[in-house]
Structure formats: structure tokens, C-alpha cells
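Overview (structure and organization)
As a plain string of letters, each chain reads:
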Amino acid sequence: MSEQQAQERHYETMFIIKPTLVEEEIKAKIDFFKEVITKNNGMIETCLDMGMRTLAYEIKKNYRGYYFVIYFKAQPTLIKELTRLYRINEEILRFIVIYYKTKREQKAWQTLVDRANKKPEKQRTLKRDDVSKESTESSSPQSQLSDSNETDTSKEDTTKQ
């Protein structure tokens, strides 16, 4: 493994573009940021086009924004350049770059990439023992006790008034 591959890190970036731009301008901005990543020896795994959405709060007098996510692997030096370009671009309302550091986080990153690529996820199955435990717990006396506890609390509430 070369030194450059050892330095490669897993990243996710999301940015919000102003809603005032026409579709061609939005695509040009997206392509510009993709090109920045690839020109700086980054490898784009996948992209997630989330489209136009309502913002949670007003940003620079805008109530809507075009969301776009890129999952990529790159050198740490690329992030400084990418952040600089986000900051000087007036059409970018907000941006975030997330670094996945640990093995567990990188596994989560891979799951997000697979989900964006629409690959089927592994189904979690219950073992037979787990299924039988769940069915016995639902008919247990504890569920009956919880009903009686609820009536007790309602009696207490009436006496407080």
C-alpha cells in the first residue's frame, strides 16, 4: 500500500445552494465542486441529490435551498481547499464536511454510500429464541400490572385536585 493511499480518509460533504439559481446553474455548481475533489486526487464514491427543500430557518433571506451530498475519499489537504471554495462562493448558503475517523464510523460511511447507491441492506433477522421470548413477554402478567398501575396513578391525581 502506498503512502498516499494510507493518508486517504473517508469524507462526506453536504452543501445547500441558493434556490434563485436555474437548473443549469445548479448543475454547474455541483459539477464544479465534484471537479475540485477529483482534480485534487480525491475519489468520489457516490453522490446524493436531495433536491430543493424547505430550510428549517431563514438563511440569508432564503426559505428554500438545493441540497447535495458527496461521499468521497481524499487527502486531508483537499479539505482546506474545498472549505475555502465553499466560503468564497456566494451561491452556497451552508456547507459541512464530515470526516469519518474510526473503523466503526467508516463502516457507517460505507452503509451510507451503499444506501445512496440503492444497494440492498443486510436484513437483521431474529433468532427463534428471540421470537419466542417476544411472544411470551407480550402475554405476561407484567402487561396486566401496568394497566392496574395506570388506574392507581389516576386515583392519586384525583386526590391531589
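Just above, that's the structure.
Let us look at the structure shown here. For clarity, every value in this text was computed on a predicted model and none was experimentally measured.

A short note on the overall build of the protein chain
- Helices and strands together make up the secondary structure of the protein chain, namely six helices and four strands.
- When each of the 161 residues of the protein chain is scored for burial, the buried share is 27%.
- For the protein chain, the computed accessible surface area is about 12000 Å², with 49% contributed by carbon and sulfur atoms.

Examining unusual backbone geometry
- Backbone geometry at Asn41 places phi at a positive 60°, although glycine is not the residue there.
- Relative to the helices and strands, Asn41 is located in the loop between helix H2 (23-39) and strand E2 (43-59).
- According to the relative accessible area criterion, Asn41 is exposed, its value standing at 52%.
- At Lys61, a residue that is not glycine, the phi angle is positive and equals roughly 65°.
- Mapped onto the fold, Lys61 is located in the loop between E2 and strand E3 (62-74).

Analysis parameters
- Residues numbered from 1 in each chain as written.
- Predicted model: local features only at pLDDT ≥ 70, side-chain atom pairs only at ≥ 80, totals over all residues.
- Heavy atoms only, no water.
- Helix = DSSP H or I, 4+ residues; strand = E, 2+ residues; numbered from the N terminus.
- Buried < 20%, exposed > 50% of the residue type's maximum accessible area, 1.4 Å probe, protein only.
- Areas by Shrake-Rupley, 256 points an atom, 1.4 Å probe, with all protein chains shown as cover.

Purely geometric stuff here, so don't read any function into it on its own.
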